[in-house]
Amino acid sequence: MSIKKRWSIAIISIFIFISSGYYFYWINTPMYAAGEIQRAIQTNDYELLLKHVDLGKVYTAALDDSIEVLLSEDTPDNKAIINIIKQLKNPLVKELTKQTESYFYHNKKTNALFEQPINTLTSYIGLTTLSITNFISVEEQDEYAILTIKLHDKNLNHDFNWKVKMEKDVNGTWCVVRILNLKEYIIERKTLLIKEYTE
């Protein structure tokens with residue numbers, strides 16, 4: 001084998017080694033995980049979504065944040081809703097997860113076991129009127145990362161940004177676990193709704 005061929009093989013081997021190393025580095029970054037979440041949403045790939053979004057943690061945290069906002073408003077109706085959420089938190093999380101699965105597979109909701117509280121919660125947070133328009137940025141910070149997602153509310157014709165916390169799971173895969181600014185979002189959305197209805 002000529003020296004020229006040997007050099008060519010060596011250079012190709014080094015290039016493949018470097019490319020492979022970069023690929024394995026890339027698939028273990030929060031930016032890659034964010035791209036996979038976006039792909040899962042666009043293609044209705046529920047299994048891919050579950051790989052990068054811990055729905056149980058996300059919905060549990062969302063219920064806790066909703067309770068805090070409802071407590072701050074202190075109305076009789078809110079107290080009744082809070083009691084329902086507290087008593088049925090685990091079943092509600094399971095039902096919300098089931099509804100998410102149904103939406104991905106069938107593009108519609110199924111008959112909910114706790115239909116009234118589920119509808120009240122999703123309406124309160126505005127989930128039925130929101131759509132993701134863009135993944136703006138991913139900022140890695142030590143043991144976690146923050147993904148900024150831009151969403152559009154079709155009823156309000158208004159854009160919101162969610163700050164989403166990502167952590168590594170037991171397999172080292174970056175996974176969404178919480179919406180960090182959900183309480184602020186709920187308050188801002190409610191203010192906009194009141195303004196629209198009073199104008």
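All figures in this text were calculated on a predicted structure; none of them were measured in a lab.

Participant: Give a detailed account of the overall build of the chain, specifying residues and quantitative values.
Facilitator: Of regular secondary structure, the chain possesses eight helices and four strands. Seen in sequence order, the chain has helices and strands lined up from the N terminus as α-α-α-α-α-α-α-β-β-β-β-α. Relative to its full complement of 199 residues, the chain shows a buried share of 35%. Long-range pairs, those at least 24 residues apart, make up 50% of the contacts in the chain with a sequence separation of at least 6.

Participant: Go over the environment of T43 with me, naming the residues and quoting the values.
Facilitator: Relative to the assigned elements, T43 resides in helix 2 (residues 30-43). Separated by 61 residues in the primary sequence, T43 and F104 place their C-alpha atoms 8.8 Å from one another.

Participant: Outline the sheet that holds strand 2 (residues 144-153), listing residues and values.
Facilitator: Spatial ordering of the open sheet is given by 1-2-3-4, a layout of four strands whose pairing is antiparallel. The open sheet has two edge strands with one neighbour each: strand 1 (130-141) and strand 4 (174-179). Averaged over all adjacent pairs, the angle separating strand axes in this sheet is 30 degrees, with direction ignored. Across 10 bridges, strand 2 lies against strand 3 (residues 158-168) in antiparallel orientation. From the neighbouring strand, K150 faces strand 3, where its bridge partner is N161. Across the sheet, helix 2 lies against strand 1, strand 2, strand 3 and strand 4, angled at about 170 degrees from strand 1, the strand it touches most.

Participant: Before we move on, can you summarise the nonpolar core with the specific residues and values?
Facilitator: Among the nonpolar cores identified, the biggest contains 43 residues, and W162, M166, L182 and Y185 are the most heavily contacted of them. Counting residues per element, this core draws most heavily on helix 4 (residues 55-73), at eight residues. Setting aside residues no more than four positions away along its own chain, Y185 makes contact with I125, G126, L130, F160 and W162.

Participant: Help me get a handle on the packing of aromatic side chains, residues and values and all.
Facilitator: All told, the structure shown has four aromatic pairs when counted by the stated rule. Aromatic pair F160 and Y185: ring centres 5.0 Å apart, planes at 90 degrees, arrangement edge-to-face. Of this pair, F160 sits in strand 3 while Y185 sits in helix 8 (residues 182-198), placing them 25 residues apart in sequence. According to the relative accessible area criterion, F160 is buried, its value standing at 2%. Here the aromatic residues Y46, F104 and Y105 are joined through ring pairs into a cluster of three or more.

Participant: So what's going on with the pairing of strand 3? Residues and values would help.
Facilitator: Connecting the antiparallel pair strand 2 and strand 3 is a turn made up of four residues, with N157 showing a positive phi of about 50 degrees. Summarising the sheet, strand 3 and strand 4 pair through five bridges and their orientation is antiparallel. When the bridges of strand 4 are listed, K165 appears paired with R178. Here strand 3 folds back onto strand 4, and the loop between the two strands holds five residues, one of which, G172, carries a positive phi near 85 degrees.

Participant: Residue-level account of the packing of helix 4 against helix 8, with values.
Facilitator: Running from amino to carboxyl end, helix 4 crosses helix 8 at an angle of 50 degrees, the nearest separation of the two axes being 9 Å. With respect to their mutual orientation, helix 4 and helix 8 come out oblique. Crossing of helix 4 over helix 8 shows right-handed handedness. Contacts between helix 4 and helix 8 involve A62, D65, S66, E68, V69 and E73 on the former and, on the latter, L182, K183, I186, I187 and K190. The class makeup of the residues in the contact of helix 4 with helix 8 is five nonpolar, one polar and five charged.

Reading the values: rules and limits
Residues numbered from 1 in each chain as written. Predicted model: local features only at pLDDT ≥ 70, side-chain atom pairs only at ≥ 80, totals over all residues. Heavy atoms only, no water. Helix = DSSP H or I, 4+ residues; strand = E, 2+ residues; numbered from the N terminus. Buried < 20%, exposed > 50% of the residue type's maximum accessible area, 1.4 Å probe, protein only. Contact = heavy atoms within 4.5 Å. Pairing = 2+ DSSP bridges. Axes fitted to C-alpha atoms, helices over the stretch in contact; angles between N-to-C directions. Core = buried A, V, L, I, M, F, W, Y, C linked by side-chain atoms within 4.5 Å. Phe/Tyr/Trp six-rings, centres within 6.5 Å; stacked < 30°, edge-to-face > 60°. Parallel < 35°, antiparallel > 145°, perpendicular 65-115°, else oblique. Left-handed = near helix turned anticlockwise from the far one by under 90°. Nonpolar A, V, L, I, M, F, W, Y, C, P; charged D, E, K, R; others polar.

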